[in-house]
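# Report on the structure
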Amino acid sequence: MYFGFKNVTVRYGRKTVLENVSVDIPKGKIVTLIGQNGCGKSSLLKIVSRAVEPRCGGAMLDGRPLRQYPPKLLARKIAYLAQVHTSPPDIDVRTLVSYGRYPYTRLGRGLTEADGTVIERVLAMTGLKELESRILSTLSGGERQRAWIAMAICQEPEILILDEPTTYLDIGYQIEVLELIKKLNAELGITIVMVLHDLNLAARYSDMLYAIKNRRVYACGSCSDIITECHLKNIFDIEATVFEDKINACPYFIPLKTITQNGD
């Protein structure tokens with residue numbers, strides 16, 4: 001296993017959220033976790049940041065548990081961006097992005113010329129060069145999210161983990177952020193794992209989907225394998241009609257009604 005989760009069980013008190021869940025993430029692919037609210041998608045990702053401690057099992061990288069890696073070495077390999085971000089109110093974009101160089105700094109030394117080169121390259125790649133002096137709080141939601149993603153990319157990670165990266169964004173900014181994620185995957189070869197609630201966007205921007213239901217992996221596979229009328233009914237309790245998006249070479253669906261509306 002290159003990266004993923006092996007035999008994970010997560011409990012909050014007496015409630016079991018995930019039970020014996022294994023997820024295998026192929027190198028260089030975009031993989032999205034889907035499922036109903038509260039099914040444990042974000043809890044699984046939070047194991048990487050140690051915000052959640054599993055009852056058993058855990059996250060793996062190159063066949064080794066993440067807990068065996070020194071923190072700075074792990075930060076050079078995996079960047080984790082949580083759903084909710086906090087930062088000083090007066091921080092500017094360049095300073096925020098520069099925080100991504102922390103895994104490469106030495107005690108008592110500031111940023112090097114090499115660090116500056118990386119920061120410049122990431123600002124340009126994420127379309128933030130003209131915004132680098134702006135205070136983060138003055139940016140639009142989409143611009144702020146780009147800045148946070150840029151900070152994560154500044155770690156030069158092999159793997160980027162994004163917990164609901166389009167939350168609170170309107171559809172235009174959602175597309176902007178996901179196009180950036182797709183660009184980073186294509187140009188840098190970064191493996192990307194994320195949680196998305198919009199299934200049509202998940203199908204458009206992912207190579208592979210993992211669906212979680214009833215504490216376990218219900219199904220995994222290509223977007224065409226997972227976005228089917230049968231799976232949508234069984235996972236999300238909806239009736240839908242699935243179509244083919246020939247422009248983007250992916251499925252999309254139009255929801256018709258919930259199962260309860262149909263009397264089932």
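It should be noted that the structure appears before, not after, this text.
Summarised in this report is the structure supplied together with it. (Residues numbered from 1 in each chain as written. Predicted model: local features only at pLDDT ≥ 70, side-chain atom pairs only at ≥ 80, totals over all residues. Heavy atoms only, no water.)

### What to know about a positive patch on the surface
On the surface, Lys72, Arg76, Arg106 and Arg109 cluster together into a patch of positive charge. Structurally, Lys72 is set in helix α2 (residues 71–77). A residue is classified by how much of its surface remains accessible, and Lys72, at 31% relative accessible area, is partly exposed. (Patch = residues over 30% accessible without salt bridge, like charges linked within 9 Å, V, L, I, M, F, W, Y side chains within 5 Å. Areas by Shrake-Rupley, 256 points an atom, 1.4 Å probe, with all protein chains shown as cover. Salt bridge = Lys/Arg side-chain N within 4 Å of Asp/Glu carboxyl O. Lys, Arg positive; Asp, Glu negative; His and termini not counted. Charge placed at Lys NZ, Arg CZ, Asp CG, Glu CD. Helix = DSSP H or I, 4+ residues; strand = E, 2+ residues; numbered from the N terminus. Buried < 20%, exposed > 50% of the residue type's maximum accessible area, 1.4 Å probe, protein only.)

### Section: the pairing of strand β10 (residues 216–221)
As paired elements, strand β9 (residues 208–213) and β10 share five bridges and run antiparallel to each other. When the bridges of β10 are listed, Ile212 appears paired with Val217. Hairpin connection between β9 and β10: a loop of two residues separates the two successive antiparallel strands, and Asn214 in this loop has a positive phi of roughly 55 degrees. (Pairing = 2+ DSSP bridges.)

### Quick notes on helix α9 (residues 229–236)
For α9, the set of buried residues is His231, Leu232, Ile235 and Phe236. The arc enclosing the buried residues of α9, seen along the axis, measures out at 100 degrees, which places them on a common side. (Arc of directions from axis to C-beta.)

### A few points about the pattern of salt bridges
This structure, assessed with the given rule, holds 12 salt bridges. Arg216 is the salt-bridge partner of Glu19, the closest N and O atoms lying 3.6 Å from each other. With a gap of 197 residues between them, Glu19 in strand β2 (residues 15–25) and Arg216 in strand β10 connect regions that are remote in the sequence. Lys77 serves as the salt-bridge partner of Glu158, at 3.3 Å between the closest nitrogen and oxygen. Taken together, the positions of Glu158 in the loop between α5 (141–153) and β7 (159–163) and Lys77 in helix α2 put the pair 81 residues apart, joining distant regions of the chain. With relative accessibility at 28%, the residue Glu158 sits in the partly exposed group. Note on Lys77: relative accessible area 17%, which makes it buried. Within this structure, Arg94, Glu120, Lys129 and Glu132 form a network of salt bridges that share partners.

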